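In case you want the letters, here they are:
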Amino acid sequence: MLGATGQIGRAAVRALAADGWEVTAASREGGRDATWSDGVRPLALDREAEGALAAALGDGCDVLVDMVAFGRDHAAQLTGAAGRAGSAVVVSSGAVYEDERGRGFDTQGEPDGFPRYPVPIPETQRTVAPGDSTYGTRKVALEQELLAAGDALPVTLLRAGAVHGEHCRTPRELYFVKRLLDGRRRRVLAYDGASRFHPVHVSNVAELIRLAALRPGSRVLNAGDPQAPTVAEIGAAVDAVFGLETETVLVSGAPPERGVGETPWSGAHPVVYDMSAAEQELGYRPVTDYERSLPRTVEWLVAQLDGRDWREVFPKMVRGYGEKLFDYAAEDAWLDRFDRRA
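A short tour of the structure in this document, coming up. Residue positions are given per chain, counted from 1 along the sequence in the order it is written. Owing to the predicted nature of the model, reporting of local features is limited to residues with pLDDT of at least 70; listing and counting of side-chain atom pairs is limited to 80 or more, with chain, interface and lining totals taken over all residues. For the side-chain quantities, the full set of heavy atoms in the structure was used; hydrogens and water were omitted.

### Some words on the environment of Met1
Here is step 1 of the chain: Strands are runs of DSSP state E lasting at least two residues, helices are runs of H or I lasting at least four, and both sets are numbered from the N terminus onward. With respect to the helices and strands, Met1 occurs in the segment before helix H1 (7-18).
Here is step 2 of the chain: Each residue is assigned to one of three classes by its accessible area relative to the maximum for its type, calculated with a 1.4 Å probe on protein chains only: buried under 20%, partly exposed between the two thresholds, exposed over 50%. A relative accessible area of 11% places Met1 in the buried class.
Here is step 3 of the chain: Linking Met1 and Thr288, residues 287 residues apart in sequence, is a C-alpha distance of 23 Å.
Here is step 4 of the chain: Leaving out residues up to four positions away in the same chain, Met1 has contacts with Gly9, Ala12, Val13, Leu16, Thr24, Ala25, Ala26, Val65 and Met67. Between two residues, a contact is recorded if the distance between any of their heavy atoms is within 4.5 Å.

### With respect to the packing of aromatic side chains
Here is step 1 of the chain: Side-chain rings of Phe, Tyr and Trp (the six-membered ring for Trp) are treated as a pair once their centres are within 6.5 Å; stacked means planes under 30 degrees apart, edge-to-face means over 60, and tilted covers the remaining angles. Scanning the entire structure with this criterion turns up 12 aromatic pairs.
Here is step 2 of the chain: Geometrically, the ring pair formed by Phe105 and Phe197 is tilted, given 5.6 Å between the ring centres and 55 degrees between the ring planes. Of this pair, Phe105 sits in the loop between strand E4 (85-93) and helix H4 (135-148) while Phe197 sits in the loop between strand E7 (186-189) and strand E8 (199-201), and the two are 92 residues apart along the sequence.
Here is step 3 of the chain: Centre to centre, the rings of Trp300 and Phe314 are 6.0 Å apart; their planes meet at 55 degrees, and the pair counts as tilted. Taken as a pair, Trp300 in helix H9 (residues 290-305) and Phe314 in the loop between helix H10 (310-313) and helix H11 (315-321) lie far apart in primary sequence, 14 residues in all.
Here is step 4 of the chain: Classification of Trp300 as buried rests on a relative accessible area of 13%.
Here is step 5 of the chain: Under the relative-accessibility criterion, Phe314 is labelled buried at 3%.
Here is step 6 of the chain: Clustering of aromatic rings is evident, with ring pairs tying together Tyr175, Phe176, Trp265, Trp310, Phe326 and Tyr328.

### Thoughts on the sheet that holds strand E3 (residues 61-66)
Here is step 1 of the chain: The 4 strands are arranged E3-E4-E5-E9 in an open sheet whose pairing can be described as parallel. Strand pairing shows two members of the sheet lacking a second neighbour, E3 and strand E9 (219-223), which therefore form its edges. Sheet twist, expressed as the mean angle between neighbouring strand axes with direction ignored, is 20 degrees.
Here is step 2 of the chain: As paired elements, strand E5 (residues 155-160) and E9 share 5 bridges and run parallel to each other. The residue bridging Leu157 from the neighbouring strand is Val220, located in E9. At least two bridges found by DSSP between two strands is the condition for calling them paired. Angles here are taken between N-to-C directions and fall from 0 to 180 degrees, while the axes themselves are lines fitted to C-alpha atoms, restricted in helices to the stretch in contact.

### Examining the packing of helix H7 (residues 231-242) against H9
Here is step 1 of the chain: One can describe the packing of H7 onto H9 by two numbers: an axis separation of 10 Å at closest approach and a directional angle of 65 degrees. Along this stretch, H7 crosses H9, giving a crossing that reads as right-handed. Residues Ile234, Ala237, Val238, Val241 and Phe242 of H7 lie in contact with H9, whose contacting residues are Tyr290, Glu291, Leu294, Pro295, Val298 and Val302.
Here is step 2 of the chain: Partitioned by chemical class, the residues of the contact of H7 with H9 number 10 nonpolar, no polar and 1 charged. The handedness criterion is simple: a crossing whose near helix is rotated anticlockwise from the far helix by less than a right angle is left-handed, and one whose near helix is rotated clockwise is right-handed. Here the term charged refers only to Asp, Glu, Lys and Arg, the term nonpolar to Ala, Val, Leu, Ile, Met, Phe, Trp, Tyr, Cys and Pro, and the term polar to all other amino acids, Gly among them.

In structure tokens form, the structure reads like this:
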């Protein structure tokens, strides 16, 4: 398995090992998770080093699982394993989809840039053009190259939603958790708090990987939780974990100014994935849902933040969302004007 010590990788190694697979857990550092069984073999592997992956495969493997593949170069690495790997399971992303007007994840923020997808989104929905410029275009390039390999290397591609759970480098739940830890008891939510961005817990992705390993084939499948809660429902669920209540101020439409009311789930239109193909082709049944999995996620987040600056703990969140994520001064100024108008 490539990317074994990442967020999804840790859970996938556990799931496969518990199912009786002999797992070689490859990562750049070669570390191991404390929850893995003793039979898991850690391996230090830099996939960018020429010939490293081929050497690591040795005589071959039954299933090659890849959490961290992007673009044509990584696709070539994987297709080069045809003949030594019986099949592959590769994590892709729902970011590959675009709507009928050519709008996708990469157009958000532009005028009228939010895509309007069907609800739910089937795997047959059109995708962005392949390329090297963005996350989504690189994932599409990866997908197309792998699917073109055909029978030489059967590949299951999993288009993951908004991944959540422990060990996330961009935990969206931070938006609500940090506010509660900071004593904030009012929140502002744009789009009437109705935004939906389909989440998927790491254990559900791991279950899809486990099932795909047992049923090799060339296919593309969505990866999502059984429900796609609204951002307001997510906020209320986090409140419940803390045993607190928060007053929510809803704003119709886009954030009014300086990101006030904008969350990591916010969007003008829902993003919900159709999971029926995974159910039919793999017999997939989710092992958890958002609310049941949330307490452990919150516990992990609180431990990570204990006595530390959120920007140091989650630097990728700063790069992705910026300081406006917790611009309390702007939020309080807007709330003050809101209260005076009320």
